[in-house]
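# Understanding the architecture of this molecule
Spelled out from the first residue to the last, the chains are:
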Amino acid sequence: MATQLVSLVCVLLMWLVGVSAQASQPRSMATPGCPSKCGNITIPFPFGIGAGCSFNNWFDIDCKEDHQPFLKSTGLEVLSISAEESNIRVNHPIFSDCQVNTRTTFASVDLGESPFEYNGTVNRFTGVGCNNLISMSSYWVESIVAGCVSMCENYEYPLSTTSSCLGINCCQTGIPSLLKAFNVSLSTMRNDSMGAGCRYGFLVDQQWIDSSKSNIWEIVHNMTHVPVLLDWGMNFYFLPINETIPSYNNSTTQCNSTLSRQIPSLMLFQCRCNHGYQGNPYLHEGCQDVDECQSPQHGVCPSPMICENRPGTYICYLSERRKHLILSAIVGGLGLAIFTLSLLWWLHRLLTKRKIKKLKEKNFKRNGGLLLQQQLSSNEVNVDKIRIFNSRELEKATDNFRILGSGGQGFVYKGMLADGKIVAVKKSKLIDERKVKQFINEVVILSQIRHRNVVKLLGCCLETEVPLLVYEFIPNGTLYQYLHSEQNEEFPLTWEMRLQIATDVAGALSYLHSSASLPIYHRDIKSSNILLDERYKAKIADFGASRSIDIDQTHLTTRVQGTFGYLDPEFFQSSHFTEKSDVYSFGVVLVELLTGKKPITSTLEETQGLASLFVISMEDNNVFDILDTQVLGHSSKEQVMAVANLAKRCLNLNGKNRPAMKEVVQHLESFRMSQTGSIILQDNEEQL
């Protein structure tokens, strides 16, 4: 039993070895049942050894006893055959003539009507010898088709490679295509002794010479034949009538392999395996798939991809495990990148916030924020009436500082606070650090002003480079717009409204001069600083040039303040600004209300101030010529003259002769009583 088991195992092993050997052997390229080799040379179909093994007689191979193949139709020794490239390399004779001063002609092998021709690409017509004139002529038409000359001074001149074959003892040239037969002529160029020696002429495969270790001189002295490349193809027009085309798949195509393509060439055609296949395209199933995965020269998949062979091609793919690994690596890398970017963004934001915070602290300190906080913490100031805003709060309130308007003292932005209150945020001019204390004192004092005809200062923001002041918002614009712009035509101010506005402004100035905790001079009273609320009640604004006056201080000397056309002429002489300077500016506004004219009128000839024009008109008794039509048509002349006389008093060049604002208010209120026929109670002071 044991013996039988051992025998069975041996049989299985032998079978496996046989199968493995068959699998490792390449598929035969010869006709089935015919020899595929002669010696070490492969004989592929359409060539064949023996009857019925070749396509026709032209392709018969004679395998000699020494295992050297010869092409029967030409008698040439075969060195190699390529069915894939449709060429055959054969040994071709070297023609030589060692006679002196003679011309000798040799005939090449005549390929005639065979399917063979000399390859015109790799073959080179070569001549060797001193003063050797070598020429190639067509076998049939006797015309020279190629030739060259080799010159020398010493016929024993050594030659190493064809790189030296440049005309000195050796020359080379190309040959025409479709060459079937030719004659070689060797002759000397000279009749002296330098023309003696052997001359050689031959056709040779240049690729073989380039790869040969022998030089040209050794070749012509030691060899009688050299390799030459012949092209071949299938020619059906010159076959004997009784011969047929072998077909192993009953296909009507001229190339028997189903995986091949036909390449026409004049009377011949050649077959090639399709891309991705190799083998013998002239045999049925002779073209076999190339396993590119085992052939690095065809293409290797980059790591870590796996190569999978496919018919005629291959694909690269990832295994599921590798997919998961790569996907995990990608996700991990993206996660790390996102984390790193997020960290950098967070650090950048943190550093930016710190930088902004330090800048805000620096601005707050420079703009007097610490001093303001100190005063707010004392009992002298009503903390509830002033507020310190932060810059972020005002940015949000003003929609990132959307401009409402601009003036001589800076820009104004409209905003809405978190509690819904509408405010006007004014950007002041950059203050001098030496006057920070004065600026903060004024902010504190102005914030405590509570009068219905004075725009309320709600607070400030000192974190910005330029301080921001927050006022109540007055919706209907300035008095200047209603007197001197298109709004005057769309909504003209009646005499009653003008008289009311004048009374409101006078009441506010009277309060600032005499009823506030400390006397305050506005210093820039003009129609553009007088705002109108929703009921067209007047409110004076823009205290950028205002100053608070100590109790023991009768006047304040500063640089020139105010606006040309409204400025007290006496100020130019004394540089002293008093409460009577505000009275003069109010007088100009009063004249604007009467005449509707601008404080300064410029023409090509001259520039004239409204105040001087008005005073001259009063003295010439023709003031009615310059009054506004709204005033003339809706008021009595007596009342207009009373107001005009009051304005003239306010414009007196001597400040001492101007009335105080309290007196101005009394006169205006009396004018209004006579206008309406009723008693109007006016409270100049409103505590909120």
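About the thresholds
- Residues numbered from 1 in each chain as written.
- Predicted model: local features only at pLDDT ≥ 70, side-chain atom pairs only at ≥ 80, totals over all residues.
- Heavy atoms only, no water.
- Disulfide = S-S within 2.5 Å.
- Helix = DSSP H or I, 4+ residues; strand = E, 2+ residues; numbered from the N terminus.
- Buried < 20%, exposed > 50% of the residue type's maximum accessible area, 1.4 Å probe, protein only.
- Expected span 1.5 Å × (residues − 1).
- Phe/Tyr/Trp six-rings, centres within 6.5 Å; stacked < 30°, edge-to-face > 60°.
- Lys NZ or Arg CZ within 6 Å of the ring centre and 35° of its normal.
- Contact = heavy atoms within 4.5 Å.
- Core = buried A, V, L, I, M, F, W, Y, C linked by side-chain atoms within 4.5 Å.
- Salt bridge = Lys/Arg side-chain N within 4 Å of Asp/Glu carboxyl O.
- Pairing = 2+ DSSP bridges.
- Axes fitted to C-alpha atoms, helices over the stretch in contact; angles between N-to-C directions.
- Polar contact = N/O pair within 3.5 Å; in protein donor to acceptor, adjacent residues only side chain to side chain.

Attention shifts here to the state of the cysteines. Evaluated as defined, the whole model comprises seven disulfides. Note on cysteine connectivity: Cys 38 is disulfide-linked to Cys 63, with sulfurs 2.0 Å apart. Judged by the sign of its S-S torsion, about 90 degrees, the cystine formed by Cys 38 and Cys 63 is right-handed. Here the residue Cys 38 occupies a position in strand β1 (residues 37-38), and Cys 63 occupies one in strand β3 (residues 61-63), the gap between them amounting to 25 residues. By relative accessible area, Cys 38 is classed as buried at 0%. With a relative accessible area of 27%, Cys 63 lands in the partly exposed category. The disulfide bridge from Cys 293 ends at Cys 307, spanning 1.9 Å between sulfur atoms. Disulfide Cys 293 to Cys 307: torsion about the S-S bond roughly -80 degrees, handedness left-handed. Taken together, the residues span a long stretch of sequence, with Cys 293 in the loop between β20 (287-289) and β21 (306-310) and Cys 307 in strand β21 at a distance of 14 residues. Cysteine Cys 460 shares no disulfide, and the gap to the nearest cysteine sulfur, in Cys 461, comes to 7.6 Å. A relative accessible area of 1% means that Cys 460 is categorised as buried.

Taking 1.5 Å per residue, 47 residues should reach 69 Å; helix α4 (residues 320-366) reaches 67 Å between its end C-alpha atoms and fits that length. In the segment just after α4, Gly 368 is the residue with positive phi, at about 90 degrees.

Let's shift gears to the packing of aromatic side chains. Scanning the entire structure with this criterion turns up 14 aromatic pairs. A centroid spacing of 5.2 Å and a plane angle of 85 degrees characterise the contact between Phe 47 and Trp 232, whose relative ring orientation is edge-to-face. Taken together, the residues span a long stretch of sequence, with Phe 47 in the loop between β2 (41-42) and β3 and Trp 232 in strand β16 (residues 225-232) at a distance of 185 residues. Each member of the pair, Phe 47 together with Trp 232, is buried. Linked through ring pairs, Phe 45, Phe 47, Phe 55, Phe 59, Phe 116, Trp 232 and Tyr 282 together constitute an aromatic cluster. The side chain of Arg 523 reaches across the aromatic face of Phe 577, ending 4.7 Å from its centre. Of note, Lys 637 hangs over the ring of Phe 624, and the distance from its end group to the ring centre comes to 5.6 Å.

Relative to the assigned elements, Asn 363 resides in helix α4. Look past the residues within four positions of Asn 363 in its chain and what remains in contact with it is Leu 462, Glu 463, Thr 464 and Glu 465.

Moving on, we get to the nonpolar core. Core analysis: the largest hydrophobic core is formed by 75 residues, its most contacted members being Ile 540, Phe 586, Leu 594, Phe 614 and Leu 668. At 11 residues, helix α10 (residues 495-515) tops the list of elements feeding residues into this core. The next biggest cluster of nonpolar side chains, apart from the first, holds 42 residues, and it includes Ile 81, Val 109, Cys 171 and Phe 182.

For the rest of this paragraph, the subject is the pattern of salt bridges. When the charged atoms of two side chains with opposite charge come close together, those side chains can pair. In total, this model carries 11 salt bridges according to the counting rule given. The salt bridge partner of Lys 539 is Glu 472, with a shortest N-O separation of 3.8 Å. Taken together, the residues Lys 539 in strand β31 (residues 538-540) and Glu 472 in strand β28 (residues 468-472) connect sequence positions 67 residues apart. In this structure Lys 539 comes out as buried when scored by relative accessible area, which is 10%. For Glu 472, a relative accessible area of 19% puts it in the buried group.

It is worth spelling out the sheet that holds strand β4 (residues 69-71) at this point. Spatially, β3-β4-β5-β6-β16-β9 is the arrangement adopted by the six strands of the open sheet, whose pairing is antiparallel. Bordering the open sheet on either side are β3 and β9 (116-118), each of which pairs with just one other strand. Neighbouring strand axes in the sheet, compared pairwise and without regard to direction, differ in orientation by 45 degrees on average. In the sheet, strand β5 (residues 76-82) pairs with strand β6 (residues 87-93) via four bridges, with the strands oriented antiparallel. When the bridges of β6 are listed, Ser 80 appears paired with Arg 89.

This part covers helix α7 (residues 436-447). An ideal rise of 1.5 Å per residue puts 16 Å on 12 residues; α7 measures up with 16 Å between its terminal C-alpha atoms. Within α7, nine of the 12 residues are buried, leaving the element largely enclosed by the surrounding structure. Restricting attention to buried positions, one finds in α7 the residues Val 436, Phe 439, Ile 440, Glu 442, Val 443, Val 444, Ile 445, Leu 446 and Ser 447.

Here we come to the side chain of Thr 31. By secondary structure assignment, the location of Thr 31 is in the loop between α1 (2-24) and β1. Within polar-contact distance, the side chain of Thr 31 engages the backbone oxygen of Cys 53 at 2.9 Å.

Read from one edge to the other, the open sheet built from four strands follows the order β7-β15-β10-β13, with strand pairing classed as antiparallel. Of all the strands in the sheet, just β7 (95-97) and β13 (170-173) have a single pairing partner and so form its edges. The average undirected angle you get between the axes of adjacent strands in this sheet is 15 degrees. Alignment of strand β10 (residues 123-128) against strand β15 (residues 199-205), held across six bridges, turns out to be antiparallel. Paired with Gly 127 across the bridge in β15 is Gly 201.

Between Phe 45 and the following residue, Pro 46, the backbone shows a cis peptide bond with an omega angle of 20 degrees. Positioned with a positive phi, Asn 131 is a non-glycine residue whose angle comes to about 50 degrees. Position of Asn 131 among the secondary structure elements: in the loop between β10 and β11 (132-138). By relative accessible area, Asn 131 is classed as buried at 0%. Positive phi, normally seen in glycine, also occurs at Asn 621, with a value near 55 degrees. Structurally, the position occupied by Asn 621 is in the loop between α13 (610-619) and α14 (629-633). Of the residues examined, Asn 621 reaches a relative accessible area of 71% and is grouped as exposed.

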